[in-house]
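# Architecture at a glance
The chain contents come next:
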Amino acid sequence: MNAINDLLREGAIAHQSGNLSEAGRLYRAALDLDMDNASANNNLGFLLAQQQQWSEALVYLRQALRLNPKLSMAHCNLGQVLVTTGEVNEGLAHLQQATACDPDNVTAWDNLARIRLLVGDFQGAEYAAIRALKLQPNAPHLYTRLGISVAAQKRLAEALQHYREALALDRNHQEAWAQMGICCFLRNDLGSAREALETALALNPNDANALRHLALVNLSLGHNDIAIAQF
């Protein structure tokens, strides 16, 4: 058992450092010693998912849950793969189960919020983002996620406050600037919208959504030539 734990620990270190081939080798070595190790199945499944090897990832993640139905991260990882491969309802069910198995799994709450936003369940997304923030209150992306979920419910002033909270933690959080700009545009605060969107694009010039909204801002300000070029 110690040998398996050592392999999993070394695999996790390689995984976190971005050495996916070495991580995969170590996870498979752990499985060679014990094919019924739920953590090894989960870790390898997650790694395969990162490499977009969806079918093989599903095999290992489902095996992890057969071995340990209460393994929260396996539910979380399986849920993300299922959503990615088009099985949205089943994927959401696994993400929800991940939070039931471990209410302190911030990754599960975060992913649940992200997917609920994608399917248009804005109240569910808001609840999941709040739960994630209680566990990780210094994560700017969670404030941004919460801001998007309340903005979608037309609570724009509240959304702006959440974007400001994200930027208080990280002034270079690009998505917060972009979403703040979009929110200001919806409130017809065109000057603030332009400033926020230009900041977002300085941080990431390839953000097509921010560029499109900046074009709309410039169009609203009467800067037609600039807007046309941006479109």
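Placed above this text is the structure.
About the criteria used
- Residues numbered from 1 in each chain as written.
- Predicted model: local features only at pLDDT ≥ 70, side-chain atom pairs only at ≥ 80, totals over all residues.
- Heavy atoms only, no water.
- Core = buried A, V, L, I, M, F, W, Y, C linked by side-chain atoms within 4.5 Å.
- Buried < 20%, exposed > 50% of the residue type's maximum accessible area, 1.4 Å probe, protein only.
- Helix = DSSP H or I, 4+ residues; strand = E, 2+ residues; numbered from the N terminus.
- Contact = heavy atoms within 4.5 Å.
- Disulfide = S-S within 2.5 Å.
- Expected span 1.5 Å × (residues − 1).
- Phe/Tyr/Trp six-rings, centres within 6.5 Å; stacked < 30°, edge-to-face > 60°.

### A word on the nonpolar core
Counting residues in hydrophobic clusters, the biggest one holds 47 residues, and the most contacted among them are Tyr163 and Met180. It is helix 11 (residues 174-186) that contributes the most residues to this core, eight residues altogether. Apart from residues no more than four positions distant in its own chain, Tyr163 is found in contact with Thr144, Gly147, Ile148, Ala151, Ala176, Gln179, Met180 and Cys183. Ranked by size, the runner-up nonpolar core spans 26 residues in total, among them Ala30, Leu65, Leu71 and Val81.

### Quick notes on the environment of Leu216
Counting through the fold element by element, Leu216 comes out in helix 13 (residues 208-220). Among the residues examined, Leu216 registers a relative accessible area of 28% and is labelled partly exposed. Put simply, Leu216 and Ser72 are 144 residues apart on the chain and 43 Å apart in space, counted from C-alpha to C-alpha.

### Some points on the state of the cysteines
Note on terminology: a disulfide is the covalent bond linking the sulfur atoms of two cysteines. Tallying each qualifying case throughout the model produces zero disulfides. Note on Cys101: no disulfide assigned, nearest cysteine sulfur contributed by Cys76 at a separation of 11 Å. A relative accessible area of 26% places Cys101 in the partly exposed class. With no disulfide of its own, Cys183 lies 6.2 Å from the sulfur of Cys184, the closest cysteine sulfur.

### What about helix 5 (residues 72-84)?
With 13 residues, helix 5 should reach 18 Å at 1.5 Å per residue; the first-to-last C-alpha distance of 19 Å fits that figure. Of all the 13 residues making up helix 5, 10 are buried; the element is thus mostly covered by neighbouring parts of the structure. The secondary structure elements touched by the buried residues of helix 5 are helix 3 (38-50), helix 4 (54-67), helix 6 (88-101) and helix 7 (106-118). Phi turns positive, to about 100°, at Gly86, one or two residues after helix 5.

### Details of the environment of Leu186
Inspection of the secondary structure puts Leu186 in helix 11. It is 9.9 Å that separates the C-alpha atoms of Leu186 and Val217, two residues lying 31 residues apart in sequence.

### Here we look at the packing of aromatic side chains
Counted according to the given criterion, the structure contains one aromatic pair. With a centroid separation of 5.8 Å and 80° between ring planes, the pair formed by Trp109 and Tyr127 is classed as edge-to-face. Of this pair, Trp109 sits in helix 7 while Tyr127 sits in helix 8 (residues 122-135), and the two are 18 residues apart along the sequence. For Tyr127, a relative accessible area of 45% gives the class partly exposed.

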